[in-house]
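# Notes for the structure review
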Amino acid sequence: MTDQVQEIRSKALQELEALGDPQALEGWRISYLGRKGSLTRLLRGVSSLPQEERRLAGSAANNAKRDLESALARREEDFKQQALSRKLGESIDVTLPGHRVPLGRLHPITQMLREICQAFAQMGFQVVEGPEVEWDYYNFEALNIPQGHPARDMWDTLWIDYETEDGRHPMLLRTHTSPMQIRVMENNRPPIRVVVPGRVYRYEATDATHESMFFQVEGLAVDQGITFADLKGTLYQFARLLFGPDRKVRFRCDYFPFVEPGVDMSIDCFLCRGRGCRICGETGWIEIMGAGMVHPKVLENVDYDPSVYTGFAFGLGPERIAMLKYGIDDIRLFYANDIRFLRQF
Ligand code: FA5
């Protein structure tokens, strides 16, 4: 009987290997391992064998059964793998374009800030940053704008809810980057040439050219013998670098308590090219910065001798510059988080 078992076993394994498709596996299982299968029938016959033959034949038949079962499982797995790789092979169309990797990019104002800082870096300015929550002293006092001075009304201020014992509110969200003029001069001696990019905040109604949170880039140069000609030369060069030689630049007298004389600088409106429209408030110009020669009082506040040192300072608005450069007709688009707008940059 043992011989018979071996015979069935090797025939079954041979047949199994030769099967060409998974449907045939069930037929094979039935004919060898099913209720009436040849190996099952042999196993049933074991009990009628004489005692000494029974043990040998029983163990041979059981081993053969186990071998066939595991060979069947292996073959099933083979067919599954084949089917899977066939499916994968069919679904990969190498001519299809790949999946686009969604790449982020820098916000247009971040790009603008970098371009502005780069332009000044070419002229020897260093880039520094400072706090957005600031003391009244740096934002106003040291900049020659004392308590109660009407010039404070030029900056609608957001005050921090922090009160001193004498009932004053000395902390605020900086309304401009100019407090960094003081901080830089307090910590350094001339020659100084810095630009300071950063956020500023104003308690202001918004419109096409005004935001309540926006950026500024402050500039400061202090040394012996710096004149208004240096200021103009530097700012003209900046305008040429950013806008090319064809755009018009306008300087006008303006008042800022921390400079004397003070100016503002405008570029001709990108939309109407100077004729006047809703973007430029019918003036033909869009103001991009305030500037001037550092006021002697400001120099004294940081212990610089104004009879030895002079300097110029400026504060420009990168959103306005980006609007002019790219023809954007509403500043609020920058912070509306509309991806359709942002992905154009
Ligand atoms: C100032 O803030 C002065 N600190 C600038 C300065 C610095 C003058 C150094 C002299 C010396 P002003 O408020 O004009 O000035 O703002 C400067 C620039 O910031 C403006 O020219 C404009 O480009 C931008 N800006 C002002 N207000 C807004 C606003 N609400 N939204 C967007 N940009 C603004």
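Residues numbered from 1 in each chain as written. Predicted model: local features only at pLDDT ≥ 70, side-chain atom pairs only at ≥ 80, totals over all residues. Heavy atoms only, no water.

### Description of unusual backbone geometry
With an omega of 5°, the peptide bond between P190 and P191 qualifies as cis. Look at the link from E260 to P261: it is a cis peptide, with omega at -5°. Within the secondary structure, P261 sits in strand β7 (residues 259-268). We note that R273 has phi near 50°; this positive angle belongs to a residue other than glycine. Judged by its relative accessible area of 46%, R273 falls in the partly exposed class. (Helix = DSSP H or I, 4+ residues; strand = E, 2+ residues; numbered from the N terminus. Buried < 20%, exposed > 50% of the residue type's maximum accessible area, 1.4 Å probe, protein only.)

### Details of the site of the ligand
In the region of the ligand, 26 residues are neighbours, and H176, S178, R202, E204 and E287 sit closest. With respect to the ligand, the side chain of R202 contributes an N or O atom lying 2.9 Å from an oxygen atom. Taking E211, its main chain carries an N or O atom lying 2.9 Å from a nitrogen atom of the ligand. In the complex, the protein chains occlude 95% of the 660 Å² of accessible area that the ligand would expose alone. (Near = heavy atom within 4 Å. Polar contact = N/O pair within 3.5 Å; in protein donor to acceptor, adjacent residues only side chain to side chain. Areas by Shrake-Rupley, 256 points an atom, 1.4 Å probe, with all protein chains shown as cover.)

### Describing the pairing of strand β9 (residues 310-316)
Of all seven residues in β9, six are buried; the element is thus mostly enclosed. When strand β5 (residues 213-223) meets β9, the two strands line up antiparallel, connected through seven bridges. Bridge pairing in β9 links A221 to F312. Pairing between strand β8 (residues 285-294) and β9: five bridges, direction antiparallel. (Pairing = 2+ DSSP bridges.)

### Overview of the domain arrangement of the chain
Under the domain assignment used here, the chain contains domain 1 (2-91) and domain 2 (110-342). Put simply, the middle of domain 1 and the middle of domain 2, counted by C-alpha atoms, are 87 Å apart. (Domains from an automatic or database assignment.)

### Section: the sheet that holds β7
Strand order in the open sheet formed by seven strands is β1-β4-β5-β9-β8-β7-β6, with mixed pairing between adjacent strands. The sheet is open, and its two borders are formed by β1 (126-127) and β6 (249-254), each paired with just one other strand. Relative to β7, β6 runs antiparallel, the two being bridged by six bridges. Bridged to C253 within β7 is V263. The sheet strands contacting helix α10 (residues 318-326) are β5, β7, β8 and β9, and the helix crosses β8 at an angle near 140°. (Contact = heavy atoms within 4.5 Å. Axes fitted to C-alpha atoms, helices over the stretch in contact; angles between N-to-C directions.)

### Here's the deal with the side chain of E218
Locating E218 in the fold gives a position in strand β5. No salt bridge forms around the buried E218; measuring N to O, its nearest opposite-charge neighbour R202 is 8.3 Å away. Here the side chain of E218 touches T177 through a polar contact of 2.8 Å, side chain to side chain. Side chain to side chain, E218 and Q181 meet in a polar contact 2.7 Å long. (Lys, Arg positive; Asp, Glu negative; His and termini not counted. Salt bridge = Lys/Arg side-chain N within 4 Å of Asp/Glu carboxyl O.)

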